[in-house]
Each structure stands twice: as structure tokens, then as C-alpha cells.
Amino acid sequence: MTITLTVNREERIFSGDPRTPLVDVLRDHLRMTGTKAVCREGFCGACMVHVDGAPMASCLLPVGSLDGAAVTTIEGVATMEHLNAVQQAFEDHDVVQCGMCFPGMVMTMSRFFQTNTSPDRDEIKAAMTGNICRCTGYERIIDALMSIRTNEVTS
Amino acid sequence: MQNNADAAVMNFPRRDARDKLLGRTKYTIDVGGSEVIHAVLLRAEVASAQVLRLDVEAARSMPGVRAIATWEDAPGAHGIGIADHPIFARDVIRYHGEPIAAIAAETLEQAHAAAQAITLELAPLPAVLTMAQALEKDAPLVHPDWKDYDILFEGAARGGNVAWEATVARGDTDAAFDRPDVTIVDGVYRVGRQSHVPFEPRAVVAAFEDGRHHIQTSTQVPWTVRHVTARVLNIPESQVRVTVPAVGGGFGLKFDCSLEPYAAILAKKSGRVVSLVNSRREEQMTCLCRENAEIRIRSAVTADGEIVGREATVLMDCGAYGGEQVFLTTMTAHTLGGNYRLGSVRLSSRAIYTNTPPNGAFRACNGVYNTFALERHTDEICDAIGMDRMEFRCRNVVGDQDIGATGQIFEGNVLRPMIDRMQALCAKHPNGRENGQRLDDGRIYGRAMTVGTWFIFVGPSAATVNLNVDGSATLVTSGVEIGSGSMMHALPQIVAAGLGIAPEQVIVKTADTDAAGRDLGVGGGRTTVSIGAASAAACDEVRDKLLAVASEMLQTAPEQLVLADGRVEIRGRPGSGTTIQKVVAEAETRTGPISGSGAFTAPGIEAMPGCAAGHFIDAIDIPVFAVHDCELAIDPDTGQVEILAYRVVQDVGRALNHRAIHGQIQGGVVQGMGYALHEEITINDQGCFDQTGFEAYRLPLAQDVVPIEFDLFEGAPSCGPLGTKGAGEVPILNVGATIGCAIANATGKQVSQLPLTPPRVLALLDGRDEPLALDHISAVWSNNTLRR
Amino acid sequence: MDITPYPKLFLANDLNEALRALRELADSAIPLAGATWVMRAPLRCETADRTLIDLSRIEALRTINIDQQEAVIGALATHEQIANALNGYNDLAALAQAAGHSANPAIRRMATIGGNICTAEFAAADLVPALLALDARLEIEGLDGSRTQTMAAFLEARATRAHTDLLTRLIIPRTQRTSTHARLTLRKAGDYPVANLSVSIALGAGGKISAATVAVGAVEAVAKRWTGFEEAIIGHAPSPEKMQMIAKTCLEEFDGRDATDAPGWYRLRVLPGLVANAFSTLQETTLGRAM
């Protein structure tokens, strides 16, 4: 079966088992390794992508269901010269540690800040229920996110 | 080292953040492409069995298969202290998940299909799944041939299912317990395993190039991987090269060689580049966990609160092979036997074989549960003699010239002033609440403060610094960046300060055993201290060479020259000197490029002779102390525990990067909260874990945590560079203890076990279970040793 | 000989296509809704090579319509869509809350009500007790015609159901009642619940409970109505403390299941507290508005 989908505004074609999880299509076939497969059960958020603008867990999306869909990955939300507001806040506050959770964190929270003005800490934490971090203990990530002004989010 | 300690202190941002945020960083799991083939391990699905037949012929001819490996390809056994561990099961299976064969094929699916085609005939054998079972008279032996194993380190007692026994005996505890003026307090404690769950699982990519193995691996210990791979393959170590890409978390899981030898064998056999990655399920089910343990402590205490005698036995489950637990028997003395002055002490630490997955090292290792047991016991002593918990600790914590369990003499008063600092920190937020008080929502309030002792794992490290013609410097070590940031913060800061250049000008080479000297590995505070010290020594040599040349150029004695801002200046006359670039250019015409090398190893503090047997480290060179305070609320309807506030005073020697240490404290305490309240591993009667993934193994999420308030205690004696101690490991040390004691204080119940999950807390509140009993640990201490 | 033309994931354009594929492929095919359960098959060590009949293109299965008589929810509506669409309707609050707090935000965006209630092995589903408490009817269509079932009858037949017919719509009658959903997770959020509870009540004279339907999930393998408790609370004021007291006397009809996340005794032990939470929420939100 041949599936055609748009990834980061570029048409890509996948020919293979349509039940293949999107995360594996991205990582193995398209060699876009920024999206991480960590838990493969939808709990950790490291595999988050946007499908037609909505953050979803790519480990649980069979690629066959996405024929014609528009997918954005971590590679597509910024350029090397210009990070988006969430990424910039994380860099400015020097919160990154091992880094494996951050692509998924960026995908979830970039969308969150587009649709939520001036969230408080509890709202941010609730939005992060599906993004686990094993290194940082979260609070410095929240500090960085609290510093974002919503009109600066560009993703 | 020139006096530039202050120049090294800064919140230097880490340079790898941007690529990580963009998803550009290539971890070992990201190495791939069409030239890479994929390997899987065939793992045992029973805990204990005899292998009657293993036949891989059918698998060999399956589509896409390029190589298969079994025990025949890896004749050697490895281990710590004892060489008890073959990498493949041969005649016998000892644990659920033990590798039996390794298969490499063009695709992962083909490798899995081939694994299914392997014929494996087993005859079940009896299994010991708990330490109590393992210690029974006539228990089946996990290693019937234990007597024949190579001993790699002398001095311990071994026998039967006791893989390793380390003991401490200082003074006369019998006399102490016989005193008429003492109260004897006896307690038992039990803890379960904890799984690291680094987001990047263990992963390796191996190739065979120019007659040598090149192993790219997600590891904390490139030299251990080199050594163990060579040993089990029975080849010279020089035939193995290990390089390390960015590591997606370690926490100690990657402090051992694990998947690398399988990939190495398959790469040589197939002639291809082989990738082997643990699935998350495999990673959970064969994790080298923080071990489960059972502890009995018995203390004789006077009415004044003097501890005149202490005896303890710690049973440490090493699983089917000794591994790290053999080494960690050493750390009971310095943790359970630490914190407090002891008149006399006897300790028995026993690593016990069971037919379960082997355990390993996890951030502060057995220090975490030893501190839990010790601080629970300490509070129980306070209750027994009617002394305030704070007063007891203030009286008894070790200070300057006090003697440790193995007789070492401590330098400096550290713990006592740290307790004062904690009280000052707490005084900023007085709330007048009492233990056991009901809050407005009906929850029960609890609070506790604990102290802890850990150590910096000093040991051999080497570094080379190459001074480049553009004024930058390249630092070559075997250090690995596992996420904590010491390769990104402390090391460039130390080198920059040593050479008077900006930290942005320090290039930190990623680990390559072909490039740098031997190193014990990253973990236990080693990067900042051991690798940092080696780097500082290398800078000294570079500095001497640089100033020798500059001295001639500037016609000034080297003692009158300083390095600052990328220049060599005459002391007291800024602008008078020249740039480092000019000096380097001049040096290259005279003698050649400038570089320096440095090394560091344990200075070797002395223990009292005869105190410690079977110990790898008799006395700790750099102790690290911690004081934690916790306030929590318990829901009496559900047993859920919410942390209301958590405070840390940590002994850091000197804080090189305050922001980075904050990150380690926040992260380490949260891992400790997981250990104390959420993360549970249960082993079923098949000898395998019930918790196989993220659904059942519950890591703390964002809503489960609070911001940690902290105060960094500086100035304690340390032979680390610039007086530093490592700060990344110890934040987890006291968390189980502090939360356990706060729950005990809140409820008035006997808290003896971790994790304190909601069902366990509710059972405590309801008085549902019998108090913990560990009948297989004798009240007579000597009965818990092999050498009676 | 039939040569099946179906790829391993078949995107059905309409219900008939899906039903024909399911009939033709029989045991070798299963329907696919949000995919969040099916895609975890490897973690459950399920190795069957099955064709997935993807229903996500069938627009008719996604619609949500609420009028004064009933709320009609398509089987492919996601938790997030349901939570948004049902927000503000007092009588439907149990389902809105159940859908709004399950799992985590991304899963709520992907998982469907159909998948949640059709998965027989999923004891901790949040939407099942909500639908039981709200007296939902289920419409099921096959190639031979359609039928309607109550939620309870559907649950009874669920484990042995063949996949040759499909759940298409859930129909919830509108009432003057107020409802709520409560769930207990071991962490603050993000877990499957160890016990959950949906309550729908009507208040009569003097603010006393005149009718009640209460359903409990996760405590046993299949959610069910808490009939003893429903009868016992009639005539009482819906105060959380009183409801909790009554709940403690009505636990014998449950046999708590032991599982890796929690033992059976714990699920029963926390139920009365969960009842108190549910009635507190009712007092603070819907009852407050209804009064």
C-alpha cells in the first residue's frame, strides 16, 4: 500500500505495511530522528507530532490512517537560526538535560501556548500530563514556560 | 593551579541545548540508515532451567539473516569481584530475560522472525525468587560451581547463594549491648527495586574496522565496555575501540557493559554495521535496578542519646549474577554506618543470588535505602528514649576528627552546620503545623528532617588539553555527557578558568577510548571531581609551557605573568602583555604545539586496619553530606501522599554552576519522590517483573512534584578541583528517608517499607497488615555472617 | 477462490464498505477507531497478523448532536470532542467529565468512545460507567440490519461479540437530572483509574434525592450499576458526608479485582471517598447551577 502524506509542508510517500506506526516511518524511513520512540504506549509524549495541527502520539498512529494528512514534526517547527518561543524559553533558562523528552515537550507546549493565554502553573502542569521527563523534575521547565508571552509563539 | 576559583564560577549555558531542542541531536538510537542491520536477543522466558538443546540452524536460513551468536562465540565470564557472568546462557538459565542467542538481520522484523525459529529445549529447575528462599538451608544454588569462579578481588567471604559478603567490625559491640544503662532498639526494613527509565534505552551500534571492534554505545563507562567486551570475547583490549554519542539519560543503568559484546560479535561475523537496541519492554524487564533489600539494625543507646553500639545486616538482592551489588556491599559501611558517631559497630552486607534479573547501580545506589532504614531507625530510637529527633541528630552527627564505621577520620564540621542552615531555610516559611494535625480538607500533616552521607566515587581519570593556534583549547577525556551537564558546564568552566580563556573557547571532545586515557566512568560525581581534577592538572602543564614561552617574549619571570581574557598579562599591568594566539604561534616555531596531560586518582584516606573485610573502598576520600526536610499531607480516604514542600541543604564543596546544580537537585529529588511514593516493581512466581512499561511503572508527572528549595553548603574539605564535590548524584539520597519519616510522624504508624504507594499507606492507616518481620535475618549478628 | 483485495489497513469510505470487509475477512480483521488500544498489541504480546478496518473516514460516525430529547454521539467521536460538545449540560456532565479527564491530553484527542466501550479487556475505561449511569442506548449496525441495545446488555455480550457488526451511535436521553464522574488515580493524573464512578441524580421535594443511577468501573473487570447504593440514597439529601456513610454499607455487591496497579481490597476501600468527591463536585457545580 502506498501512503502519501505531507511532512513539514513537503509531500512524502511511504510504501510498506500501512500498520507501521508513524514514529517508525518518520525515524526509519524518512530518517527524521527528532521524534523519539520511548514508551510506545502513549504515556510519555516523546513521540508527539502535529497531525493537521493537533498534537498526537505518533507511536499509536498507523501510517495508513494518515493518507492525505499534514504532519508537522519537531524538525518543522523552527529553523536553525530562529527557535520558536517555547524552544527559546527552554534555551534561555538552560533547562535541557539529556534532551530526549524535549522534542515532544516542544510539540505539546507550542500548540498549548497558541491556544492558551497566560496560563498559570497548574494549567501548564495539567497540559504536560502526557509529557514525562525523567531528568529535570519539571519545575524549571515550568519556570521557562511561564516566562513566555503568548503573542511571541510562532509555531 | 593558579588561583582562579572564582573565575570558574558562572551559569555557563550548555552548548548542546539547541540541537536537542531542534531534534537534531543524534543519540545512539538514532544511528541508522540503509547500511545498518538490526539485531535482537533471544531471551529466556523462565527463571531457572537446564538447557537441553539449542539449535539455531533453522534460523540461519531465514530471510535477511546475516549472523547469529551464542555462547560458543563468547567463552569468557566477567563480573565485579567474581567472574560469574557469561553473556549468553549455556547449560543453564538463571533468570527470566537472560540472553540465549543474538540474531542480526537486514530488518528488525526479520531478526524477530529468525529468533522465533530457534529451537530451545529446556528442563525446568527449581528457582529461588526471594532472598529468604535463597538463604534457606539446602536452597537450590543459583551458582552450584561458585567455588570454581575466578576471583577478581580478594578478601570477601562467599558461599552458597551468598555471592559476596563484606563485614565491618570496630570495637566491642557485645560489651555495648550488655551495658545496663542502654536501651536496645531493633528494627527491620524492606525496600523494592527501582528502575532508572532513561528515555534512551540501552543501545549500541557496532562495526568491525581494520581488524578491530568499533563500538558506538549509549554508555557511562566506555573503558568498562572496552574491558568487558575484550574479556568475554577473549581478545586483547587494544582490539576494542569505544566511542559515545550523546546519551539520553543514564542514572547508573549504563554504568555497566551490557548489550555491547553481542553487537560486537555480530558485527564481526556479518561484516556489517549492527544496531542492537533494547525495546522498552526488554529495558523494563531486564533493568539493572537499584536492588531490593532487607535490613535489620540493632542499636544500643544511652539515655543521653549516645550510640554505644550498632549492629546491622543488609541483604542485597543481586539477582542471578553479582554485578554492581558485589561492589556495593562496600557502601553499607559508609551510609548505614555513616551519619552518626558510633561507639562500636558491626555490619554485615551480603549480596544474595536469586533467579531474578541482575541488579546494578542507580544514582546513590544502596545509599538511598540505607539512609531510609537508618533514619527510620533513628526516629524509632528517639521515640524509645524520649528524645527530640532534631536534638538527637545534632548531638550525634559526625564532625571534625570523628571516626567513621571503618575507622577513617572525618575532616571538618559539615553536617552540624548544615542542620543549622536547614533550620534557617525552614524558618523562612513557618506554618505552625504539628505532626498528625488535620488540615482543613481532612488530610493528615506530616513533617520530617533527615541527614545523609554519600561519597564521591573518585578513581582513575586522565585528561589532555591541546592549546590551539586560534586561542581555543581542546579537552580530551573519556567523559560522557549523559544529561547532567558536567561535560557542558563544569569541565569547560574549569579549563577556561585554568587557561584564562572564555568557556566558549573550550572544545570538549566526546569520549573515544582511542583518544583519551583510562577512566572509571561517569557517575557518582566523577565528572566534576575526577575528570575535572585531571583536566585542571592538564591545564597546569599547558600553563607552565605557555608561560615559559611568554616569559621569554615579554622578558618577565613566569611568576609575574597571569592568564586572563585570552591574554598573557604582566601581573598588575593590564594591557602590558600579549595574546595567547601570539604565544602559541611563537611556541610552535620553537618547540611545537602546546599540550598538557593530567591524571587523577584516589588520594587514599586510611581506614583503621582490620575493621573492614571484603571492601573495595575501606575509607571514602570525599564524603558528601545532605540534609533534607519535607512537609506532606496524607489523604486518609485514599492513602495518597502529596508533598507540600521540600527543602535541601547540599554539601557541594564549591558550586561551579548554580543553575546546573539547581537542575540536578530538582531532578534528583523528584526521582527520589518516585522511589518513595510511586515506583514499584513486583516479581511474580515466574520470576519476571509485573511492571513491563510506562502504564504500570509509574514515574512522577508534572503534577506530582513541587519546586525544591535549596541552599548550597560550600567550604567543606574536598580534594576535588577548586574544592568542588560532585553535585549530580546526591540529591536523591535522603528522599525516601525524609518522606518515610514524615509519613511515620504524621500517622504514628510503623513505617518500614518503600515504596509508600497509596495502597500501602492506606493499609498502614487501617492497621491492615502485620508489622514487617524478617525472620531469616537473625537477631544474633554473627549468625548473619559466613565467617562465624 | 476469493482473492482478498484488502491492504493490511483498509480505509473504509462508508459503513457498508467497512461491514463488507469485516464479514469477508472474518477473524483476520478487526475494526480500527482511534487506534490507541490496537497499536499497543505488541506490548500485550499479541502476535496475530490482523487487517485493520479503519473507520476514521466515515464522517457519519463522528457527529455529535444534542437537542432537547437526546444527545446522539457517533462511535468515532473522540474524548476531546465529547468533552467540548457536552460541556455545560448538567445532565450529561458525567460523560463530559469522564471524557475530559481520561488518560492524557494527546490520548483524549485520539481515543474514541467506541473504542473505549468496545474493548472487553479494558476494565478501567472511564466512559463505560458514565454511559451506564446516563442510560445510554447503543445502535449497532450489521449488513443484515441494525439493532439497539442497552449499555448493560451490550457489556454482557461484549466479550464474545463477533466483529461483523459495528457500534455506530450512542443515544443518551436528556433529563432534568444532574450528573458527575469521579475517578481515583494513584498519581495526580495520567493513570488509568483504580476505581471510577458515575452518578446521575434527580432531586425532589426538599432537595432530597428522588431518583439515582450510579455506575462503578475499574473495581471489577466490567463496570456495572451500584444498585444497592442507588436504592439506599433515595430520600436523602445529597450531602457528601451522608453519601459516603451510606456507600460504606453497600460494598458487598462488589468483588474487587487484584491487578498490578492495586489490590481488590483497595478499590473497595476507596469507593466511599470517591462517592464523597462525586457529590462534592455535584454540590459545587451542577447542583449549584440547577438550584
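If you're wondering where the values come from, they're calculated on a predicted model, not measured in any experiment.

Q: What exactly am I supposed to notice about the overall build of chain A here?
A: When helices and strands are tallied, chain A shows five helices and five strands. Each helix and strand of chain A, placed in order from N terminus to C terminus, yields the pattern β-β-α-β-β-β-α-α-α-α. Against the compact-globule benchmark of 15 Å for 155 residues, chain A has a radius of gyration of 15 Å, which places it among compact chains. Put simply, chain A has 155 residues, and 65% of those count as buried. Within chain A, contacts between residues separated by at least 24 positions form 65% of all contacts whose residues are at least 6 apart in sequence.

Q: Where do I start with the interface of chain C and chain B in this structure?
A: Many descriptions give the size of an interface as the accessible area lost when the pieces come together. Counting from both sides, the interface comprises 16 residues of chain C and, opposite them, 16 residues of chain B. For the side of chain C that touches chain B, the element with the most residues is helix α10 (residues 264-284) of chain C, which contributes four residues. Considered class by class, the residues forming the side of chain C that touches chain B number eight nonpolar, three polar and five charged.

Q: Looking at this structure, I do not really get the interface of chain B and chain A. What am I missing?
A: Opposite the 42 residues of chain B that make contact, chain A presents 44 residues. Contributing elements (two or more residues each) for the side of chain B that touches chain A: α1 (17-22) and α17 (658-678) of chain B. Here the side of chain B that touches chain A is built from residues that sort into 17 nonpolar, 15 polar and 10 charged.

Q: Where do I start with the domain arrangement of chain A in this structure?
A: Residues and elements named next belong to chain A. Along its sequence, chain A is carved into domain 1 (2-76) and domain 2 (85-152). Here the C-alpha centroids of domain 1 and domain 2 sit 22 Å apart. Of the residues forming the side of domain 1 that touches domain 2, the biggest block, three residues, is contributed by strand β3 (residues 48-51). Considered class by class, the residues forming the side of domain 1 that touches domain 2 number nine nonpolar, four polar and one charged.

Q: When you look at the pairing of strand β9 (residues 178-184) of chain C in this model, what are you seeing that I'm missing?
A: A regular strand carries its side chains on alternate faces of the sheet. Residue and element names in this part refer to chain C. Counting buried positions along β9 gives seven out of seven residues, so the element sits mostly inside the fold. The alternating pattern of β9 places Thr178, Thr180, Ala182 and Leu184 and Ser179, His181 and Arg183 on opposite faces, both of which are buried. Here β9 pairs with strand β10 (residues 195-203) via seven bridges, running antiparallel. What sits directly across from Arg183, in β10, is Asn196.

Q: I'm lost on the environment of Leu166(C) in this one. Help?
A: All names here are of chain C. Positionally, Leu166 belongs in strand β8 (residues 166-173). When the C-alpha positions of Leu166 and Thr63 are compared, they lie 16 Å apart, and in sequence the two are 103 residues distant. Those residues in contact with Leu166 that sit more than four places away from it in its chain are Leu15, Ala18, Leu19, Pro31, Ile140 and Glu141.

Q: It is not clear to me how the nonpolar core should be interpreted in this structure. Could you clarify?
A: Here is a general trend for soluble globular proteins: nonpolar side chains tend to be buried in one another's company. Of all hydrophobic cores here, the largest spans 417 residues; its most connected members are Ala39(B), Ile103(B), Tyr262(B), Ala263(B), Leu266(B), Leu95(C) and Leu131(C). The greatest single-element share of this core, amounting to 13 residues, is contributed by helix α15 (residues 526-554) of chain B. Beyond its immediate chain neighbours, meaning those up to four positions away, Ala39(B) contacts Ala102(B), Ile103(B), Ala104(B), Ala111(B), Tyr262(B), Ala263(B), Leu266(B), Val274(B), Ser275(B) and Leu276(B).

Q: So what exactly am I meant to see when it comes to the pairing of strand β22 (residues 506-509) of chain B here?
A: Residues and elements named next belong to chain B. Taking every second residue as pointing to the same face, the buried face of β22 carries Val506 and Val508, while none of Ile507 and Lys509 on the other face is buried. Bridging between strand β21 (residues 473-476) and β22 involves four bridges; their strand directions are parallel. Each residue of the ladder has a partner; that of Leu475, found in β22, is Val508.

Q: Please clarify how the sheet that holds strand β24 (residues 567-570) of chain B should be interpreted in this entry.
A: Across a sheet, strands are paired by hydrogen bonds formed along the backbone, either parallel or antiparallel in direction. Residue and element names in this part refer to chain B. Strand order across the open sheet formed by three strands is β23-β24-β25, with antiparallel pairing between neighbours. In the strand order of this sheet, the two ends are held by β23 (561-564) and β25 (573-579), each with one partner. This sheet shows a mean twist of 40° between the axes of neighbouring strands, independent of strand direction. Examined bridge by bridge, β23 and β24 share four bridges and lie antiparallel to one another. Its bridge partner lying in β24, Ala564 is registered against Arg567. Helix-sheet contacts for α15 involve β23, β24 and β25, and the interaxial angle to β23 is about 120°.

Q: I'm lost on the packing of helix α6 (residues 222-233) of chain B against helix α7 (residues 260-270) of chain B in this one. Help?
A: Axes are the key here: two packed helices are described by the angle between their axes and the distance separating the axes. Residues and elements named next belong to chain B. Running from N to C, α6 and α7 point in directions that differ by 60°, and their axes come no closer than 9 Å. Classed by the angle they form, the pair α6 and α7 counts as oblique. Once α6 is placed against α7, the crossing between them reads as right-handed. The segment α6 lies against α7, with Val225, Val228, Thr229, Val232 and Leu233 engaging Glu260, Pro261, Ala264 and Ile265. Among the residues making up the contact of α6 with α7, the classes are represented as seven nonpolar, one polar and one charged.

Q: In this structure, what is going on with helix α12 (residues 389-396) of chain B? I would like to understand it.
A: Residues spaced three or four apart along an α-helix face the same direction, because each turn holds 3.6 residues. All names here are of chain B. By the burial criterion, the buried members of α12 are Phe392, Arg393 and Asn396. Seen from one end, α12 has its buried residues packed into an arc of 95°, which puts them on one side. The inward-facing, buried residues of α12 contact β17 (307-319), α11 (365-385), α13 (415-427) and β19 (444-455).

Q: Mind showing me how you'd approach the environment of Asp514(B) here?
A: Relative to the helices and strands, Asp514(B) resides in the loop between β22 and α15. The sequence separation of Asp514(B) and Thr243(B) amounts to 271 residues, and the corresponding C-alpha distance is 8.4 Å.

Q: Which parts of the structure should I look at to understand the sheet that holds β9(C)?
A: Residue and element names in this part refer to chain C. Across the sheet, four strands lie side by side as β9-β10-β11-β12; this open sheet has antiparallel pairing. At either margin of the open sheet sits one strand with a lone partner, and together these are β9 and β12 (224-225). Seen against the sheet, helix α3 (residues 93-101) touches β9 and β10 and runs at an angle of roughly 30° to β9. Most of the contacts of α10 go to β9, to which it runs at about 140°, and overall it touches β9, β10 and β11 (209-217).

About the thresholds
Per-chain numbering applies: the sequence of each chain, read as written, is numbered from 1 onward. The order in which chains are written sets their letters, starting at A; the order in which ligands are written sets their numbers, starting at 1. Per-residue local features are limited, in this predicted model, to residues with pLDDT of at least 70; the limit for side-chain atom pairs, both in listing and counting, is 80 or more; totals at the level of whole chains, interfaces and linings are taken over all residues. Secondary structure counts use DSSP, requiring at least four H or I residues in a row for a helix and at least two E residues in a row for a strand, with both numbered from the N terminus. This radius of gyration counts C-alpha atoms alone. The globule rule is 2.2 Å times how many residues there are, raised to the power 0.38. Residues are called buried when their C-beta atom has 20 or more other C-beta atoms within 10 Å, exposed when it has 12 or fewer, and partly exposed otherwise; all C-beta atoms are positioned from the backbone. Residues are scored as being in contact if the C-beta atoms we place from backbone atoms lie within 7 Å. Each residue is assigned to one of three groups, with Ala, Val, Leu, Ile, Met, Phe, Trp, Tyr, Cys and Pro labelled nonpolar, Asp, Glu, Lys and Arg labelled charged, and all others, Gly among them, labelled polar. Domain extents, as shown, originate in an automatic or database domain assignment. Any two strands are treated as partners once DSSP identifies two or more bridges connecting them. The term nonpolar core refers to a set of buried Ala, Val, Leu, Ile, Met, Phe, Trp, Tyr and Cys residues connected through C-beta atoms within 7 Å. Interaxial angle, 0 to 180 degrees, is taken between N-to-C directions of lines fitted to C-alpha atoms, where a helix line uses only the stretch in contact. Here the angle decides the label: under 35 degrees means roughly parallel, over 145 means roughly antiparallel, 65 to 115 means roughly perpendicular, and every other value means oblique. The sense of a crossing depends on the near helix, which, turned anticlockwise from the far helix by less than a right angle, makes the crossing left-handed and, turned clockwise, makes it right-handed. Throughout, the arc means that of the directions going from the helix axis to the C-beta atoms.

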